[in-house]
Amino acid sequence: MNFKNLSILERKQLNSPIILIGRGGSGTRLLSHLMRHNGLFIGNDINVTEDSVEWVELLYDLVITSLPLRPDTFGDKWADKLQEKAANILSEGKLSADQPWGWKLPETMLALPEVCHTFTNAKIIHLIRHPISSSLRRTHMTSRLNNPVGNEVLRRAYKEFGWDFSKAIEHQCYQHNAVSWLYQLTQVREYAKKHLQPEQYLEVRFEDLCNTPATAANNIRMFLDWEELDYECLKIDPARIKRPQISDPRIEEINNLCSQLAYELGYQNKF
């Protein structure tokens, strides 16, 4: 596809996605539902967890290929592929020139440098959830050893935090979840701090979206410079924000690993 043939308006729209990210299991479906309700186009093929399915194959390939090379610099070889995928999705969706677009796929966290290098006017909304809640739930593919993405994420995470990866198969799901949470959030926040402007990156806590939706939605509205953002569409399942029993012995281990970053994210107490 020859992107030089696109009009100025088309190139501007193509270069300005709103990308919804969050470590898998953080409640990104809620964020996706909110944004779709308010007119954000996130693709032509949306699954039950409100992921943008059209991006799965390309972004998974990107992650598996480039993640082992970090922190080395990367070239432009992925930019054309990412632009072409975006152009095809927008063309099929028949978007008007002023309709906001983007996508929601948790694994985009792992490809953020390539994505932001390609779409230089992108805005990133990062949904964050407390590490205890994230770790004591079912696993996500990025914390499982049985797939190429998860295996590579855990390999990198164990190396980053001094764990012996050969012991990973002996560890339990909550340990995989915790180290995956810490690695992915650390990588995204460090990249955003070094390479993104404040108007490009916003962190939203899942708990705030559930407990104070008006305030959380207004923060998103101001970040996007939208006139309004209707949050009445949010349907909060109380079971999703229920805290586990404080006596759970796994909590101390998760806190020992994740509490420093959790504190930086505004979680003042260990849990």
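Quick summary incoming for the structure in this document. Bear in mind that the values here come from a model prediction, so they are computed numbers and not experimental data.

Okay, empty space enclosed by the protein next. For the structure on display, the rule yields 1 cavity of 30 Å³ or more. Here the largest cavity is characterised by a volume of approximately 40 Å³. Taken together, Trp163, Tyr174, Gln175, Ala178, Glu253, Ile254 and Leu257 form the lining of the largest cavity. Of all the elements in the fold, those that place two or more residues in the lining of the largest cavity are helix H8 (173-195) and helix H11 (250-264).

The subject of this paragraph is the packing of aromatic side chains. Under the criterion given, the structure shown has 6 aromatic pairs. Their ring planes at 40° and their centres at 6.0 Å tell us that tryptophan 101 and tryptophan 103 sit as a pair that is tilted. Each member of the pair tryptophan 101 and tryptophan 103 is classed as buried. An angle of 85° between the planes, with centres 5.2 Å apart, marks the rings of tyrosine 158 and tryptophan 163 as edge-to-face. Looking at tryptophan 163, the relative accessible area reads 23%, which means it is partly exposed. A connected cluster of aromatic rings, assembled from ring pairs, spans Trp55, Trp101, Trp103 and Phe119. Just above the ring of tryptophan 78 sits the side chain of lysine 81; from NZ or CZ to the centre is 4.6 Å.

Procedures and definitions
Residues numbered from 1 in each chain as written. Predicted model: local features only at pLDDT ≥ 70, side-chain atom pairs only at ≥ 80, totals over all residues. Heavy atoms only, no water. 1 Å grid on protein atoms, 1.4 Å probe; cavity = no way out; pocket = protein on both sides within 12 Å on 5 of 7 lines; lining within 4 Å. Points joined across faces, edges and corners; volume = space filled by probe spheres on them. Helix = DSSP H or I, 4+ residues; strand = E, 2+ residues; numbered from the N terminus. Phe/Tyr/Trp six-rings, centres within 6.5 Å; stacked < 30°, edge-to-face > 60°. Buried < 20%, exposed > 50% of the residue type's maximum accessible area, 1.4 Å probe, protein only. Lys NZ or Arg CZ within 6 Å of the ring centre and 35° of its normal.

Note that all results are geometric; they support no functional claim without further evidence.
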